[in-house]
Amino acid sequence: MPDWAALIGTAASGFVVGMTAAWRIASVEATKIWVEDLRHRFQVKKEDREKLKEIRHNQLDDEHARERAKNEEKRKRRGTALKELQASLRTARQASNVYINRLDVEVARMMGDTAAHATSARMAGVSGGSGYP
């Protein structure tokens, strides 16, 4: 008669050894799959970071370009305003000189003063008999 205890013990021992080997193989394969998935996730995150970084750089470049264009527009407006102001100032000076010259001439006529007439002529740029250019 067969020794049932030894037979069952051998079968159980073989089963446990087989299951242990299978578990080790499965766990190694599962670990390899997990590591591959982890690598893929890191790669995807890295690509996402690079895309976001590129988008941010492009946005900054666009913002700087808009700012440069805005500053250039301001500079042009300031230049135009300065030119208009200088032209207005020139016109105002001419108008005030003409008014002052006319006023001097009128005062000189009213007073009969030739010195006032010479002063107004000098301001007008006319060479008079007073010796001033």
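Residues numbered from 1 in each chain as written. Predicted model: local features only at pLDDT ≥ 70, side-chain atom pairs only at ≥ 80, totals over all residues. Heavy atoms only, no water.

If you tally the helices and strands in the protein chain, you get two helices and zero strands. Sorting the 133 residues of the protein chain into buried and exposed places 5% on the buried side. Of the roughly 11900 Å² of accessible surface on the protein chain, 61% is carried by carbon and sulfur atoms. (Helix = DSSP H or I, 4+ residues; strand = E, 2+ residues; numbered from the N terminus. Buried < 20%, exposed > 50% of the residue type's maximum accessible area, 1.4 Å probe, protein only. Areas by Shrake-Rupley, 256 points an atom, 1.4 Å probe, with all protein chains shown as cover.)

A few words on helix α1 (residues 4–111). Between its terminal C-alpha atoms α1 stretches 154 Å, which fits the 160 Å expected from 108 residues at 1.5 Å a residue. Along α1, the positions that sit buried rather than exposed are Asn101, Asp104 and Ala108. Backbone geometry just after α1 places Gly112 at a positive phi near 70 degrees. (Expected span 1.5 Å × (residues − 1).)

Mean pLDDT for the protein chain: 84, with 83% of residues reaching 70 or above. pLDDT under 50 marks residues 127–133. Its contacts with residues more than four places away, or in other chains, come to five contacts. (pLDDT = per-residue confidence, 0-100. Contact = heavy atoms within 4.5 Å.)

On the surface, Tyr99, Ile100, Leu103, Val107, Met110 and Met111 cluster together into a nonpolar patch covering about 660 Å² of accessible area. Considering the arrangement of structural elements, one finds Met111 in helix α1. (Patch = residues over 30% accessible without salt bridge, like charges linked within 9 Å, V, L, I, M, F, W, Y side chains within 5 Å. Salt bridge = Lys/Arg side-chain N within 4 Å of Asp/Glu carboxyl O.)

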